Amino acid sequence: MEYYNNILCFAAHLYYHQYSDSPGKGDIIKENYVPYGTYCSQRDRGSLEIMRQGKGEGNYALIKLSSIPPKYREKIKKDYPEPERMAVEKPFIDRIEKDARAFEFFAGYRYPDGSGIPTNRVDNITLYGNNASILNAIGKELQAHIAERRKAGKGPLKTVFFENMAAIMRESLQLPVMYPHNLPLNGRRLQQKFEDYLNNSYKCLIKAYKGNDNSVKINAKILKLLAFIASLDTRPYNTKVVEYYLEFMRGERSLYDEKTGEIFDPKDYLDKDGSIVEFTEDAVWYRLNNPGMQVKIDKNRYGYKDFNDIHRPHRHRHSPNYSFSKISLDDRDLIWKDRTTKKRIKAYYAYDVASGCRVGSAYSEEKNEELFLDCLRDMFVFIDRNGFGIPLEVEVENHLVNKFFDDLTRMFPILTICAPGNSQEKRAEHFNRAAKYSIEKNNHPGVGRWWLKSKYNRISVDKVDDKFKQTMKDRDRLIIDDIQDTLEYNNQLHPNQKKYPKMTRMQVLIENLNPGLAILNKALVYRYIGYETKEVEIHRNQWVNVQYEKYMLPNPRVLNHLAPNNRTVDAYWMPDSEGSISEVYLYQNGEYICTCEKLIEYNEAKAERTEQDVAAKLKQDKYVAMFDKLAKELAFEYPKPSTNKNHNTPLREPEIINEKQPERTTEQAGINYAQKALSDFFNH
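This report concerns the structure included in the present document.

## A word on unusual backbone geometry
A negative phi angle is the norm for most residues apart from glycine, just as the trans form is the norm for most peptide bonds.
Argument step 1. Phi at Arg 540 takes a positive value of approximately 50°, unusual for a residue other than glycine.
Argument step 2. Mapped onto the elements, Arg 540 comes out in the loop between β15 (531-537) and β16 (543-546).

Here it is, written out as structure tokens:
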């Protein structure tokens, strides 16, 4: 319904049926009052008076309501019981347009405490946005009213205008459905809100829910007290929080801060009338279970690990592109115990982060420093055997490894120390889990935990005489099984098949080595992680004895680097994967001296010599020849000395005889320089 030239009209497209294709064509998709053909007949016969043709963009035909045949007009009035009022409000509703900037403003608005406009009970963002849209339409209506009054040479009637607008908004049936709002429906108050909107824009539409403690029982001070009670070590339920609060306010319980010694005073938490503020448990639950409040409470009552696992944000990382860019080390207990000692076997692993390969392993009945060193030794044997370089970064935990930090910084370019108990940070923890549930679970029964939710990873727990039954194996069997699991794990397809299609973890490791790896300096590394044999004597200027084997100096000139009167050195060494020692590294007083290879003996019987004997003899001959050359050089440098005993006779001044020499006529007489030197010596 709407007025056109002050005549009440009805839209033609609402009078005839709606069709799927065009008016009168296709299937009827909505029945109104008459078919399109009937409408056309009534229009052509003049029984329907068309007040406006449906020509032009956005226009539609309007039928004079009173010209519609009575039987159809009665049906229309049943559907639209107050046509005059609807005709008045329709132009106003048509002026309302969604204010997109208003909705964007309210969606991004933040109260001083950082929270947004609440929408949990009522969608206040939509409500405030509709308010702005309606006030914008009122502004358009007001401008039209002012323009019409100006044409008549009169001033605007604002009071009357806002009374009429308030009446339209009160009586409108469509406005609350199309645009839910909470604007005032009184003319005077609507005018005040409109003027406030003109001066302060969107902000004046926001109700100050936040920061106003006058209308709520649990104000900021009481909420802080309740949070303090909830932070007790006993982790009280909400019922206990309310109970402790009331006991405190009645003087039956004391509260104090252990750190500062501050004692809380109940008088500080009374209301303005001096009475105890009481509230329900639901109200306490609602305030204390706010996510931000839970962080504050749990920070006080949880330990570091629990708080980290529950609340602390995780860091989002991706693996390196190159292998040996970073390795991560961590320990774990094997699933079963040793049958003999009834102890659980400890394992220490080293993983390459890019490939996930397990590149080092060690086992012991005790979790100690030697277990960590054995893992590093096994890793460096793996590196040496394959000709890899030194990893660029090593990631370790603080516990157990802290005494090796200085040594690790000398061996690796980058040392990363993880916080204790932070399994999310340490990459090795993730690889331990991957190996456990992808390999060990399929190879051995009883892998899992009894408390896990997943029935596939939860194991049953049996008791005999109040003691848990546990599976046990021989120690050697446990270690062999774990080594076999490691080989299978390393040769399993890499989990990121999109990046490494059809490649195993070991293939990813080998084919993606970081090009910036430093060459393995075994002399340096083995000093910190290798086995040590102290005070080894150098025999016959040629060899040392380490682990019942002889190792030969690389060159006799090494002797020049030894300290005076000291032929003892410290030897560092590492067995290879087969348990043999191919070379040892000699240090004296903390300084590197040389690397000694194994001294190979040869068969003295020429008839029995093999090629290996010939090569061993040649190597020894060369060393002896170098020694002889050195000795000969020393002989030339220090020629064979000789000496005579001096007698203690006084030095007498020699007698100088001046004889007259015959004159020479052909050449000048020669000068006796020896005699002259003696004369000069005694005359001065």
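## Some points on the environment of Leu 415
Argument step 1. Along the chain, the position of Leu 415 falls in strand β11 (residues 414-418).
Argument step 2. Residue Leu 415 is classed as partly exposed on the basis of its relative accessible area, which comes to 22%.
Argument step 3. Along the primary structure Leu 415 and Leu 392 are separated by 23 residues, whereas in three dimensions their C-alpha atoms are 8.8 Å apart.
Argument step 4. Discounting residues that sit within four places of it in the chain, Leu 415 has contacts with Val 394, Val 396, Phe 405, Leu 408 and Thr 409.

## Some details on the packing of helix α6 (residues 158-171) against helix α8 (residues 187-200)
Argument step 1. Where α6 contacts α8, the axes come no closer than 8 Å and their chain directions differ by 105°. Here α6 lies roughly perpendicular to α8, going by the angle between them. Between α6 and α8, the residues in contact are Lys 158, Thr 159, Phe 162, Glu 163, Met 165, Ala 166 and Met 169 and Gly 187, Arg 188, Leu 190, Gln 191 and Phe 194, respectively.
Argument step 2. Looking at the contact of α6 with α8 residue by residue, the class counts come to 6 nonpolar, 3 polar and 3 charged.

## Overview of the nonpolar core
Argument step 1. Counting residues in hydrophobic clusters, the biggest one holds 42 residues, and the most contacted among them are Leu 329, Phe 372 and Phe 380.
Argument step 2. Those residues in contact with Leu 329 that lie beyond four places of it in its chain are Tyr 348, Tyr 349, Ala 350, Phe 372, Cys 375, Leu 376, Val 394, Glu 395, Val 396, Lys 426 and Ala 428.
Argument step 3. Counting residues in each nonpolar core, the second largest holds 33 residues, with Phe 106, Phe 161, Leu 190 and Phe 194 among its members.

## Brief notes about the packing of aromatic side chains
Aromatic ring pairs are reported here in terms of the distance separating the ring centres and the angle at which the planes meet.
Argument step 1. Inspection of every chain in the model, using the stated rule, returns 29 aromatic pairs.
Argument step 2. Taking the centre distance of 5.2 Å and the plane angle of 85° together, the rings of Phe 161 and Phe 162 count as edge-to-face.
Argument step 3. The exposure class of Phe 162 is buried, given its relative accessible area of 2%.
Argument step 4. Three or more aromatic residues link up through ring pairs in this structure, and these residues are Phe 10, Tyr 15, Tyr 16, Tyr 33, Tyr 36, Tyr 39 and Tyr 72.

## A look at the side chain of Lys 473
Argument step 1. With respect to the element layout, Lys 473 can be found in strand β14 (residues 472-473).
Argument step 2. Its relative accessible area of 17% is what places Lys 473 among the buried residues.
Argument step 3. The contacts of Lys 473, once residues within four sequence positions are left out, are Trp 336, Lys 337, Asp 338, Arg 339, His 444, Leu 478 and Asp 481.

## Things to note about the pattern of salt bridges
Argument step 1. Scanning all chains against the criterion turns up 28 salt bridges.
Argument step 2. Here Arg 475 ties to Glu 365 by a salt bridge, and the two come within 3.9 Å at their closest N and O atoms. In this pair, Arg 475 sits in helix α17 (residues 475-490) while Glu 365 sits in the loop between β9 (358-364) and α14 (369-386), placing the two residues 110 residues apart along the sequence.
Argument step 3. The residue Arg 477 makes a salt bridge to Asp 481 at a minimum N-O spacing of 2.9 Å. Of the two residues, Arg 477 and Asp 481 are both situated in helix α17; the distance of 4 residues between them amounts to about one turn of the helix.
Argument step 4. By relative accessible area, which is 37% here, Arg 477 ends up partly exposed.
Argument step 5. Look at Asp 481 and you get buried, because its relative accessible area is 10%.
Argument step 6. Here the residues in one salt-bridge network are Asp 330, Glu 397 and Lys 426, joined through shared partners.

## A look at the sheet that holds strand β19 (residues 583-588)
Argument step 1. Strands sit in the order β15-β18-β19-β20-β17-β16 across an open sheet of 6 strands; the sheet is antiparallel. At either margin of the open sheet sits one strand with a lone partner, and together these are β15 and β16. Adjacent strand axes in the sheet meet at a mean angle of 35°, parallel and antiparallel pairs treated alike.
Argument step 2. Pairing of β16 with strand β17 (residues 549-552) involves 4 bridges; the strand directions are antiparallel. Paired with Asn 545 across the two strands is Lys 550, which belongs to β17.
Argument step 3. Set on the sheet, helix α19 (residues 522-529) makes contact with β15, β18 (568-573), β19 and β20 (591-598); between it and β19 the angle comes to about 75°.

## So, the pairing of strand β2 (residues 7-11)
Argument step 1. Among the 5 residues of β2, 4 are classified as buried, and the element is accordingly described as predominantly covered.
Argument step 2. Inspection of the sheet shows β2 paired to strand β6 (residues 62-64) by 3 bridges, in the antiparallel sense. Within β6, the residue paired with Phe 10 across the bridge is Ile 63.

Criteria and thresholds
- Residues numbered from 1 in each chain as written.
- Predicted model: local features only at pLDDT ≥ 70, side-chain atom pairs only at ≥ 80, totals over all residues.
- Heavy atoms only, no water.
- Helix = DSSP H or I, 4+ residues; strand = E, 2+ residues; numbered from the N terminus.
- Buried < 20%, exposed > 50% of the residue type's maximum accessible area, 1.4 Å probe, protein only.
- Contact = heavy atoms within 4.5 Å.
- Axes fitted to C-alpha atoms, helices over the stretch in contact; angles between N-to-C directions.
- Parallel < 35°, antiparallel > 145°, perpendicular 65-115°, else oblique.
- Nonpolar A, V, L, I, M, F, W, Y, C, P; charged D, E, K, R; others polar.
- Core = buried A, V, L, I, M, F, W, Y, C linked by side-chain atoms within 4.5 Å.
- Phe/Tyr/Trp six-rings, centres within 6.5 Å; stacked < 30°, edge-to-face > 60°.
- Salt bridge = Lys/Arg side-chain N within 4 Å of Asp/Glu carboxyl O.
- Pairing = 2+ DSSP bridges.

Distances and angles like these do not, on their own, reveal function.
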